[in-house]
Amino acid sequence: MSINADKKRLSQTHTLAEIQRELKSNKMVTVYQVDKDAEEHSKRYIFCALIPSSQIQDALADSTWDLEFSDGMPSGLTYHKQGELQREYLRYGVDNGVEPLIINRNFYRLREEYSEISEEFRLFHQLYHDRKTDQFLKIDDVGNEEVVATVKPDHIQIRLKEIRQFLAIKEMHLAIQFIFSETSLHPLEELELQAGDENFQDGLMCWLHRYGDHYGIGNCQTFSYLVGKRLLEPLPKTKSGFWPFATEQQHWRQHNIPPTGGISKTYFDRQLGAQFTNSDMPEHVFEQRYRDLQKVSQEELGENWLLPLSTADAYHLQHIRIPATDEQRDFDELVLSLTKILIDSLNEAYLKKMIPFEKRQEYKEKRGMALLEAALHLNKIKGTNEHVDFLKKLQSLRSSGSAHRKGGKYEKIAKHFGIENKSLSDVFIEILNSATKVLDFFITLVKSGQIREIVENNQLEAGYAAMGEMIGIANSGSTDGSVNHDNFIFKEQSKT
């Protein structure tokens with residue numbers, strides 16, 4: 001790298017900005033990270049520690065970590081006091097009130113080591129562990145599922161909302177401890193840097209930045225070392241004195257009064273009115289519209305507009321949700337599932353019945369979106385363009401991103417959906433809302449009777465064509481009375 005590029009990288013300005021960025025309650029926070037296989041010139045380490053709120057000033061007075069990677073396990077302490085041997089059990093291995101949120105398990109290389117989230121945190125939020133994805137889910141009394149934490153061998157993230165709720169009940173702060181190191185092949189003199197330390201404190205964050213001579217270790221000449229911590233605050237109590245994490249049900253049962261702002265209509269109807277109501281969560285609205293379409297299709301058409309998902313594909317509908325993180329993989333999988341439900345499941349056999357009889361040979365080879373577009377446009381169905389255009393773009397997003405390596409095509413369609421300027425969660429909410437509008441359009445179309453009428457008219461046209469062939473047969477020597485018109489028409493219609 002050039003001297004200027006290395007100097008900028010070693011300043012760690014970008015890293016500090018990343019650590020100091022504003023955090024939103026629905027975003028995931030990295031609480032553990034070890035770059036075991038990182039490039040030689042850059043290393044990142046993150047660990048966390050629960051600090052009693054009464055000790056935050058002491059914690060901020062020193063940039064060194066309050067809890068190391070190997071800490072947090074139970075141990076015993078032996079010491080002498082007034083000439084007598086004393087033994088003390090330390091639940092977390094330290095006696096300063098600091099507690100772990102992440103615990104590293106090591107088995108002396110006889111078994112694979114791993115990291116886990118504190119059992120207290122998991123039980124407090126009653127999290128379900130999806131072992132296939134290593135995600136921890138929170139399920140509320142309405143049936144909503146939300147990803148609260150993701151665990152990978154070298155990276156653990158937990159949603160800020162649940163972190164701050166946990167801190168509130170424990171009256172603690174969470175220290176996000178970090179060590180970032182950068183190295184350069186250029187010596188300090190060439191970089192115009194001086195060896196030494198600088199200490200900083202800004203609000204609930206403190207850090208030390210050090211430049212030093214690497215003495216040629218690993219071909220590197222200079223290093224930059226950034227160590228410190230950022231403290232996350234607990235949620236404050238509400239004006240009415242309730243803990244901010246209490247559910248509507250807890251407020252109602254324990255205090256016999258509704259929480260600040262009132263209780264939700266869904267909760268009131270279900271829990272207090274003994275009525276079943278639909279959730280207004282986007283993913284639940286989408287699922288309900290899907291089921292509405294299946295029901296009305298059977299009632300009005302006698303067939304499914306969208307073919308039912310097979311047992312192996314049923315999870316595509318079950319797992320539609322708003323992603324809690326901005327993981328590209330999660331987003332791609334959700335786009336893939338939507339495409340599977342809305343496009344790959346189109347009832348092509350029924351759509352072909354909508355193609356005018358005289359056009360059927362021309363559109364014989366059309367499938368999927370091309371067939372849907374032809375069936376709707378050839379019959380001049382109003383309101384088609386908006387929904388067809390969305391489905392085509394959704395298909396393009398899937399084919400250029402989820403199904404293949406990302407390139408120029410993906411960048412183009414990503415720009416249309418605003419992926420560059422928005423979080424993937426926000427983008428998917430917009431996509432899901434548009435998908436729900438497509439289902440609403442299909443429902444309205446099917447219920448109007450227009451589709452059934454189109455198919456019946458096309459079948460009638462096919463019957464007239466069959467009649468023409470039948471007349472030719474009749475002219476061959478048989479009278480009209482000797483020909484079974486209905487059976488012949490049925491056979492000819494079946495061919496189309």
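This section reports on the structure supplied with the text. (Residues numbered from 1 in each chain as written. Predicted model: local features only at pLDDT ≥ 70, side-chain atom pairs only at ≥ 80, totals over all residues. Heavy atoms only, no water.)

Observations regarding the overall build of the protein
Consideration 1: Looking only at helices and strands, the protein features 18 helices and 14 strands.
Consideration 2: When burial is assessed residue by residue, the protein has 42% of its 496 residues classed as buried.
Consideration 3: Partitioning the contacts of the protein with sequence separation of at least 6, the portion at a separation of at least 24 is 63%.
Consideration 4: Put simply, the protein shows about 28,200 Å² of open surface, and 48% of that area lies on carbon and sulfur atoms. (Helix = DSSP H or I, 4+ residues; strand = E, 2+ residues; numbered from the N terminus. Buried < 20%, exposed > 50% of the residue type's maximum accessible area, 1.4 Å probe, protein only. Contact = heavy atoms within 4.5 Å. Areas by Shrake-Rupley, 256 points an atom, 1.4 Å probe, with all protein chains shown as cover.)

Let's talk about unusual backbone geometry
Consideration 1: Positive phi, normally seen in glycine, also occurs at Q82, with a value near 55°.
Consideration 2: A relative accessible area of 78% means that Q82 is categorised as exposed.
Consideration 3: With a phi angle near 50°, Q126 is a residue other than glycine that sits in the positive phi range.
Consideration 4: As for its position among the elements, Q126 is in the loop between α4 (119-124) and β7 (128-130).
Consideration 5: What makes Q126 exposed here is its relative accessible area of 69%.

Section: the side chain of S337
Consideration 1: Its location among the elements puts S337 in helix α11 (residues 328-342).
Consideration 2: S337 gets classed as buried once you look at its relative accessible area, which sits at 7%.
Consideration 3: For S337, the residues in contact, after removing those within four places along its chain, are H316 and I320.

Considerations on helix α1 (residues 3-11)
Residues that lie three or four places apart on an α-helix share one face, since the helix turns once every 3.6 residues.
Consideration 1: Here α1 has its buried residues at D6, R9 and L10. An end-on view of α1 places all buried positions within 95° of arc, on one side of the element. Exposed residues pointing more than 90 degrees away from the buried face of α1 are listed as N4 and K8.
Consideration 2: Packed against the buried residues of α1 are β11 (172-184), α6 (188-191), β13 (205-213) and β14 (222-232).
Consideration 3: Backbone geometry just after α1 places Q12 at a positive phi near 60°. (Arc of directions from axis to C-beta.)

What to know about the pattern of salt bridges
Consideration 1: This structure, assessed with the given rule, holds 22 salt bridges.
Consideration 2: Close ionic contact of E146 with R159 constitutes a salt bridge, the shortest N to O distance being 3.4 Å. Of this pair, E146 sits in strand β9 (residues 145-152) while R159 sits in strand β10 (residues 155-159); the two residues are 13 residues apart in sequence, bridging distant segments of the chain.
Consideration 3: Since its relative accessible area comes to 5%, R159 is described here as buried.
Consideration 4: Of the charged contacts, one joins K353 and E303 as a salt bridge, the two residues approaching to 3.1 Å between their closest N and O atoms. One end of the pair, K353, is in helix α12 (residues 348-354); the other, E303, is in the loop between α9 (282-300) and α10 (315-318), and 50 residues separate them in sequence.
Consideration 5: Taken together, the salt bridges that share partners define one network made up of K138, E146, R159 and E162. (Salt bridge = Lys/Arg side-chain N within 4 Å of Asp/Glu carboxyl O.)

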